[in-house]
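# Report on the structure
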Amino acid sequence: MLDTAAPARPVPKAEWAERVPALRAALLEAQFELQEAAAFPVVVIVSGADGAGKGDTVNRLHEWLDPRGIATHVFGPLTDDERDRPPLWRFWRTLPARGRIGLFFGSWYTDPIVRRAYRESGKAEFDRGLERIAAFERALSDDGALIVKFWLHLSKKSQRARLAELAGRRRTRWRVTPTDWKHLGLYDRFRPLSERALRATHGPHARWVVVDAADDRHRDITVGETLLRALRARLDGPPAPPPPSPARRRPVPDALGSATRPGPAGDYKAERDEWQGRLSRLTRKAHREGVATVLVFEGWDAAGKGGVIRRVTQAIDARLYTVVPIAAPSTEERAHHYLWRFWRHVPQAGHLTVFDRSWYGRVLVERVEGFAGEDQWRRAYGEIREFERQLAEHGIVLLKFWLHVSPEEQLRRFQERAQTPFKRHKITAEDWRNREKWGPYVEAVNEMIAETSAEEAPWEVVPAEDKQEARLRILKAVSRRLKRALR
C-alpha cells in the first residue's frame, strides 16, 4: 500500500495561495454542518514516518478548521493508569461525540508497530494487536463514525534528507530526537511492518490514504482535500444502510430452565462470614499482585442484585472497589458508542469494579423495548465478546451472574415492596410494565447467554428464589475464581 501514494508534486506558492482559501472555506462549512446535524463523529488519524510532518499537518488542520469543534489527542509513553488497563482503554476514553472531530496524532497504531520493530513482541502478538484494532474501527464505523486515516509516507532517502534538514536549522533542530535517527536506522524493519498494519486494517469502513510527504504543501493540500471529500460524501449522501446482522443462532438453549439450585443452606450467617472473610483476604492479595476484577450483575427486577452486591462489597476494603449502577444513558453517553461509558470504568490493576447492570442492556432492555434495532443488538454480541476478550487478555478477572427468579416469586416481591414503606422506592411503573414482556425477555436472556458465554467469560445463572442461597453461591464463586487467578 505504501507504493500507492501519488508522487509528491511540488506545489508552488502561487498555486497554494490560490487553492487554500477555497479549501478552508469549504472545510469550515462542512464542519459547521457536521456540528449542527450531530449525526456522527469524525475520527481522523494522522500517522506515518518520523519526519514526515505529522505535527505540522495536525497544526494545519487546526488552522483551517474551527478548533472549538476539534479535540486533538497525542499519545506518548504509557502512564501508570494506562499501563493498568487494556491497550485500547486510553483511546476509547478520548473518542469524539457525534458532531465533533477527533484528531489522533499517532493513535492506536504506534505501539504495536514500534514494539514489533524493536522485537519486544512476537508475530502472534502483533497480529492480534492488528485484529483488535480492526475490530475497534469496525465497531466505531458500524455505529456511524466517519473514520479517515492518513499515513504520511517518506522513502528512506527522503526521510534521511528531511531529518538532516530539520537538524541543520537552529529553529527546528529540537524536533529531531535520537529516537528519530534510531528509527531511520530501522527503516527496513518499519516499512514491512507498516505495510502489514495498513493492509490488515484497510477496508471500506476505514480506508487508509497514503500521502507522499516529501513536499509540505502537497501533503497538507492532499490531507485537507481528502478530509473535505469524506465529510461532504457523508453529509450530502443518503444514509448508509446498516451493516448486515450476524445470523441468528438456532436453536437457543434454555439456560434459565436448566439452572440448578444448590443444596440446602446450613448456618447462613456462619457460612456468609466465612466466605466474606476469604473474599476479603483474596481481594487484598489481588491488590498486592495487581490483579483487577470485574463483576457483572444482571437479572430480573427484584431478583436481589442489590442485596448480593452489598454482601460482596461488605467483604472488601472500600478503597479497592467501585460500584457502577447503570441506568438509562445520559445525553453525553448517547452521543458515543454504547460501549464508551463502560470502557471508562475498567478498573486499574489490583482494584475491583462491580457493574449493577451493564453493557448487556444493549441485548436485553434495548432489544425488548425497541431502543436498538435488530441490526444493532445482533451486532452487539460480537462487540461484547471482543470487549470481554480484551479484558481477559489483559489479565482482568471477569465474572458474570444472571440472578433468576420465577415470575410468581417476582410478583410476590413486587407486592411486598409496594406494601412496605421503606421499600416502595424500589418499585416503579416500569417494573410492572416489564413483567408484561416476560416472554420476550426470557428469549433475549437465553440468546444473550448462548452468544456471549466464552471460556474466559462464562455466564453463571444463579437461582435466586432463596436470597441467602444466592448470596452464598456468588460469594463462593467470586472467591474461588479469584483464588485460581492469584499466585
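Above this text is the structure in question.
First things first, this report covers the structure right here in the doc. (Residues numbered from 1 in each chain as written. Predicted model: local features only at pLDDT ≥ 70, side-chain atom pairs only at ≥ 80, totals over all residues. Heavy atoms only, no water.)

## Side note on the sheet that holds strand β4 (residues 146-153)
- Here we have five strands laid out as an open sheet, ordered β2-β3-β1-β4-β5, and parallel in their pairing. The sheet is open, and its two borders are formed by β2 (70-74) and β5 (208-212), each paired with just one other strand. The mean inter-strand angle of the sheet, taken between neighbouring strand axes irrespective of direction, is 20°.
- Both strand β1 (residues 42-48) and β4 contribute to a ladder of seven bridges, which runs parallel. Bridging across to β4, Ile45 finds its partner in Lys149. (Pairing = 2+ DSSP bridges. Helix = DSSP H or I, 4+ residues; strand = E, 2+ residues; numbered from the N terminus. Axes fitted to C-alpha atoms, helices over the stretch in contact; angles between N-to-C directions.)

## Describing the packing of helix α12 (residues 305-313) against helix α20 (residues 467-485)
- Following both chains from N to C, one finds α12 and α20 inclined at 45°, their axes separated by 10 Å at the closest point. Considered as vectors, α12 and α20 are oriented oblique to each other. Our pair here, α12 against α20, has a crossing hand that is right-handed. Seen from α12, the contacting residues are Gly307, Val308, Arg311 and Val312; seen from α20, they are Arg471, Ile474 and Leu475.
- Within the contact of α12 with α20, the residues separate by chemical class into four nonpolar, one polar and two charged. (Parallel < 35°, antiparallel > 145°, perpendicular 65-115°, else oblique. Left-handed = near helix turned anticlockwise from the far one by under 90°. Contact = heavy atoms within 4.5 Å. Nonpolar A, V, L, I, M, F, W, Y, C, P; charged D, E, K, R; others polar.)

## Some details on α20
- Relative to the 27 Å expected for 19 residues at 1.5 Å per residue, α20 spans 27 Å between its end C-alpha atoms, a close match to the ideal helical length.
- Within the span of α20, buried status applies to Glu469, Ala470, Arg471, Leu472, Arg473, Ile474, Leu475, Ala477, Val478, Ser479 and Leu482.
- Packed against the buried residues of α20 are α11 (268-289), β6 (293-299), α12, β9 (397-404) and β10 (459-463).
- With a side-chain oxygen lying 2.9 Å from the backbone nitrogen of Gln468, the N-terminal cap of α20 falls on Asp466. (Expected span 1.5 Å × (residues − 1). Buried < 20%, exposed > 50% of the residue type's maximum accessible area, 1.4 Å probe, protein only. Polar contact = N/O pair within 3.5 Å; in protein donor to acceptor, adjacent residues only side chain to side chain.)

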